[in-house]
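Listed below, chain by chain, are the residues.
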Amino acid sequence: MVDVADTSLAEAGERRIDWALRSMPVLRAIGARFGDARPLEGLKIAACLHVTAETAVLVGALKAGGAEIALAASNPLSTQNDVAAALRSYGVAVHARAGVDRETYYRHIHQALDIGPDIVLDDGCDLVNILHTERVELLDGVSGGCEETTTGIIRLRQMAAEQALRFPVVAVNDTRTKRMFDNRYGTGQSTLDGIMRATNTLLAGRTIVVAGFGFCGRGVAERAKGQGARVIVTEIDPVKALDASLQGYEVLPMAEAARAGDLFITVTGNRDVIRGEHLAVMRDGAILANAGHFDVEIDVRALETMAEDINFGVRPHTDEYVLADGRRLLLLAEGRLVNLTAAEGHPAAVMDMSFSAQALAVAWLAEERAGLAPGVYDVPAEIDAEVARLKLAAAGIDIDALTAVQADYLHSWRVGS
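Residues numbered from 1 in each chain as written. Predicted model: local features only at pLDDT ≥ 70, side-chain atom pairs only at ≥ 80, totals over all residues. Heavy atoms only, no water.

Remarks on the overall build of the protein chain
So, point 1. On a plain count of helices and strands, the protein chain comes out with 17 helices and 15 strands.
So, point 2. At 22 Å, the protein chain has a C-alpha radius of gyration in line with the 22 Å of a compact globule built from 417 residues.
So, point 3. Dimensions along the principal axes, computed over C-alpha positions, put the protein chain at roughly 70 × 65 × 45 Å.
So, point 4. Per-residue burial over the protein chain gives 53% buried out of 417 residues.
So, point 5. Counting only contacts in the protein chain whose residues sit at least 6 apart along the sequence, the fraction spanning at least 24 positions is 70%.
So, point 6. Taken as a whole, the protein chain presents about 18,200 Å² of accessible surface, with 50% of it coming from carbon and sulfur. (Helix = DSSP H or I, 4+ residues; strand = E, 2+ residues; numbered from the N terminus. Rg over C-alpha atoms; globule rule 2.2 N^0.38 Å. Buried < 20%, exposed > 50% of the residue type's maximum accessible area, 1.4 Å probe, protein only. Contact = heavy atoms within 4.5 Å. Areas by Shrake-Rupley, 256 points an atom, 1.4 Å probe, with all protein chains shown as cover.)

See below:
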């Protein structure tokens, strides 16, 4: 059983996937390699990922490796219905429709798990959470998993600390190629893309408050600064706050930044970053956007309680909340991921690296899972390096190599200055 919005959209989805393929040479090469070696032969994979064209390329590579795949969406507003239809025609059990309610979202995850997975792929840890709370009968059959996002890794490390995690999970999010490029450049570009599509606002000269200065927040701040905005950063980590300050950003607590900002972007992975007391002092016309994985960073319930009137859809993906004193606050994408709701998510060229690491990590898991204890594992360094090498080669970029003398120098303590 599958659940997609409209099977007639499959041809349009195939065109969208083909377009993404043009910018994903590394994953194309890995898919071809998998087709020859079949490292996933006979494995069942349940995945909870954003159902986009780039994800379809990953799924294609895994299928080429011999896997049977069931796919659910990791966000109800990010699903591209045409891609879902195309994947169904490719023989993938797809359970994803754009804009479903919370009940249907979780039903889709259960349907994906009905495959009885050997390996799971997650983006936010919802699928793994359901496995450990509601589908425990399947746990004995699961020998490993991969997690794609910061929010999911936070949850998984807590599960591991409490000895609740029942199988090994690879933290794909924590690779250097993922954090440095996907999180920084992908999130930076796609977040501003979503905001500009939703609002058509000019960023130059505006005051933008970026909540969180991890790799994602850093990317958003850099892109906003490049657009001519004045950027204020809020942080709870003193090292990251110092980094932001030394990069020239103003650093303030949210209580102060709330009075100064024209546009607020949350990128923290935590909840209630913007609360009622912050909303109460914001300027008329302030824009609220979230680029963190779950829709909990902006306290939407507080906003609803404070509003005298709500004008839904004043622009696509833009709702206007009118407060008692007449101020209007604009919430984008219902507080969900603005880059995947109001835009198309990260560019395919960036996802090429993230999903290549994901594919290689799945193959590594398939080979090594029997010897791994439950816990959270880093992606082997050689996989990260291979993805970077393949990306450089695809771009026609050559780099230097150590000479024998240099290699010996780096590995010897006996040679002085």
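The structure having been displayed, the exposition proceeds.
Here's the deal with the nonpolar core
So, point 1. In terms of nonpolar packing, the biggest core is built from 53 residues, with Ile45, Leu62, Leu87 and Leu121 touching the most fellow members.
So, point 2. No other element matches helix α15 (residues 348-368), which puts 12 residues into this core.
So, point 3. Every residue in contact with Leu87, bar those within four places of it in the chain, is listed here: Val51, Ala56, Val59, Leu71, Val92 and Val94. (Core = buried A, V, L, I, M, F, W, Y, C linked by side-chain atoms within 4.5 Å.)

Let's talk about the sheet that holds strand β15 (residues 375-378)
So, point 1. Taken together, the 7 strands give an open sheet; going across it, the order is β3-β2-β1-β4-β5-β6-β15, and neighbouring strands pair in parallel fashion. The sheet is open, and its two edges are formed by β3 (93-95) and β15, each paired on a single side. Averaged over all pairs of adjacent strands, the angle between their axes in this sheet comes to 20 degrees, without regard to strand direction.
So, point 2. Where strand β1 (residues 44-49) lies against strand β2 (residues 68-73), 6 bridges are found, and the strand directions are parallel. Paired with Cys48 across the bridge in β2 is Ala72.
So, point 3. Against the sheet, helix α5 (residues 102-113) engages β1, β2 and β3, with an angle of about 170 degrees to β2. (Pairing = 2+ DSSP bridges. Axes fitted to C-alpha atoms, helices over the stretch in contact; angles between N-to-C directions.)

So, the packing of aromatic side chains
Note on aromatic pairs: each is described by the distance of the centres and the angle between the planes.
So, point 1. Scanning the model with the defined rule gives 3 aromatic pairs in all.
So, point 2. Their ring planes at 65 degrees and their centres at 5.6 Å tell us that Phe213 and Tyr249 sit as a pair that is edge-to-face. In this pair, Phe213 is assigned in the loop between β7 (207-211) and α9 (215-226) and Tyr249 in the loop between α10 (238-246) and β9 (250-251), connecting sequence segments 36 residues apart.
So, point 3. Given the relative accessible area of 0%, Phe213 is considered buried.
So, point 4. Cation over ring: Arg218 sits above Phe215, and NZ or CZ is 5.1 Å from the ring centre.
So, point 5. Across from the ring centre of Tyr249, 5.1 Å away, lies the NZ or CZ of Lys225, which sits over that ring. (Phe/Tyr/Trp six-rings, centres within 6.5 Å; stacked < 30°, edge-to-face > 60°. Lys NZ or Arg CZ within 6 Å of the ring centre and 35° of its normal.)

Structural notes on the sheet that holds strand β13 (residues 318-323)
Sheets are built from strands that pair by backbone hydrogen bonding, the pairs being arranged parallel or antiparallel.
So, point 1. With respect to topology, 8 strands assemble into an open sheet ordered β9-β8-β7-β10-β11-β14-β13-β12, the strand pairing being mixed. For this open sheet the edge positions go to β9 and β12 (307-315), each flanked by a neighbour on one side alone.
So, point 2. Sheet topology places β7 next to strand β10 (residues 263-266); 4 bridges connect them, and they run parallel. Residue pairing across strands places Val210 opposite Ile265, the latter belonging to β10.

Considering helix α4 (residues 81-89)
So, point 1. Among all positions of α4, only Asp82, Val83, Ala84, Ala85, Ala86 and Leu87 are buried.
So, point 2. Elements in contact with the buried residues of α4: α1 (10-22), α3 (53-64), β2 and β3.
So, point 3. Gly91 lies just past α4 and shows a positive phi near 90 degrees.

Here's the deal with α15
So, point 1. An ideal rise of 1.5 Å per residue puts 30 Å on 21 residues; α15 measures up with 29 Å between its terminal C-alpha atoms.
So, point 2. Of all 21 residues in α15, 17 are buried; the element is thus mostly enclosed. (Expected span 1.5 Å × (residues − 1).)

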